[in-house]
Amino acid sequence: MMSSLFTFLLVVQALVAATMIGVILMQKSEGGGLGVGGSPAGLLSARGAADFMTRATTILATAFVALSIVLAAMASVGRSGSTIDTSLSKTAQPASGAAPTSSLTGPAQQAPANAAPAPASDDPLAAAAAAAASQEAAPAPAQAPPAKK
């Protein structure tokens, strides 16, 4: 029921938009840019506002905005909770028997200093991450001050 009403209102909105475009294009150009600095018979004056085409444009624009709000409200109410598809994410497969951890939510774990290097990966930043992890595990040696001559 809700989708048929939504479809009907969507078709009505398309017709209102097409009609509004036609009415706007049929109007005589007054050259004042909404009556700013133009003649006293511009769009913002009483005589210009009473024109049929101007009234039709105002009514159609109001209907377009109202339909847009109604359609947006209907679309947000009829929407169910969204789920994130993680089927294409690159995650390391855990060792057999180990509990899987997410790289985004799990705690950061450091590799031991004597561990074997990680296998080659398609990830271009894997080497940089491994180098950073090894630098954290082994502190840098203190540099001796340069010898004076």
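To be clear, the structure that these remarks concern was listed above.
A brief report on the enclosed structure follows. (Residues numbered from 1 in each chain as written. Predicted model: local features only at pLDDT ≥ 70, side-chain atom pairs only at ≥ 80, totals over all residues. Heavy atoms only, no water.)

Section: the overall build of the protein
Then step 1. Each helix and strand counted, the protein has four helices and zero strands in total.
Then step 2. Its helices and strands in sequence order give the protein the pattern α-α-α-α, from N to C terminus.
Then step 3. Expressed as a percentage of the 149 residues in the protein, the buried residues total 11%.
Then step 4. Pairs at least 24 apart in sequence give 70% of the contacts found in the protein among residues at least 6 apart.
Then step 5. Accessible surface, the protein: about 12600 Å² in total, of which carbon and sulfur atoms supply 66%. (Helix = DSSP H or I, 4+ residues; strand = E, 2+ residues; numbered from the N terminus. Buried < 20%, exposed > 50% of the residue type's maximum accessible area, 1.4 Å probe, protein only. Contact = heavy atoms within 4.5 Å. Areas by Shrake-Rupley, 256 points an atom, 1.4 Å probe, with all protein chains shown as cover.)

Examining helix 3 (residues 52–77)
Then step 1. Here helix 3 spans 37 Å end to end across 26 residues, near enough to the 38 Å set by a 1.5 Å rise per residue.
Then step 2. Inspection of helix 3 places Thr54, Ala56, Thr57, Leu60, Leu67, Leu71 and Met74 among the buried residues, and these make up the whole buried set. (Expected span 1.5 Å × (residues − 1).)

Remarks on the nonpolar core
Then step 1. Membership of the largest hydrophobic core is limited to nine residues, which are Leu9, Val16, Met20, Val23, Ala56, Leu60, Leu67, Leu71 and Met74.
Then step 2. For this core, the secondary-structure elements that each account for two or more residues are helix 1 (2–26) and helix 3.
Then step 3. Ignoring any residue separated from it by four or fewer positions in sequence, one finds Leu71 in contact with Phe6, Leu9, Leu10 and Gln13. (Core = buried A, V, L, I, M, F, W, Y, C linked by side-chain atoms within 4.5 Å.)

A word on the environment of Val65
Then step 1. With respect to the secondary-structure elements, Val65 resides in helix 3.
Then step 2. Judged by its relative accessible area of 47%, Val65 is partly exposed.
Then step 3. The spacing of Val65 and Gln13 is 52 residues in sequence and 9.2 Å in space, taken between C-alpha atoms.

Looking at the side chain of Gln13
Then step 1. Tracing the backbone through its elements, the reader meets Gln13 in helix 1.
Then step 2. A polar atom in the side chain of Gln13 sits 2.8 Å from the side chain of Ser68. (Polar contact = N/O pair within 3.5 Å; in protein donor to acceptor, adjacent residues only side chain to side chain.)

Points about the environment of Val70
Then step 1. By the secondary structure assignment, Val70 is in helix 3.
Then step 2. When the C-alpha positions of Val70 and Leu9 are compared, they lie 8.7 Å apart, and in sequence the two are 61 residues distant.

Limitation: the analysis is restricted to geometry and does not speak to function.
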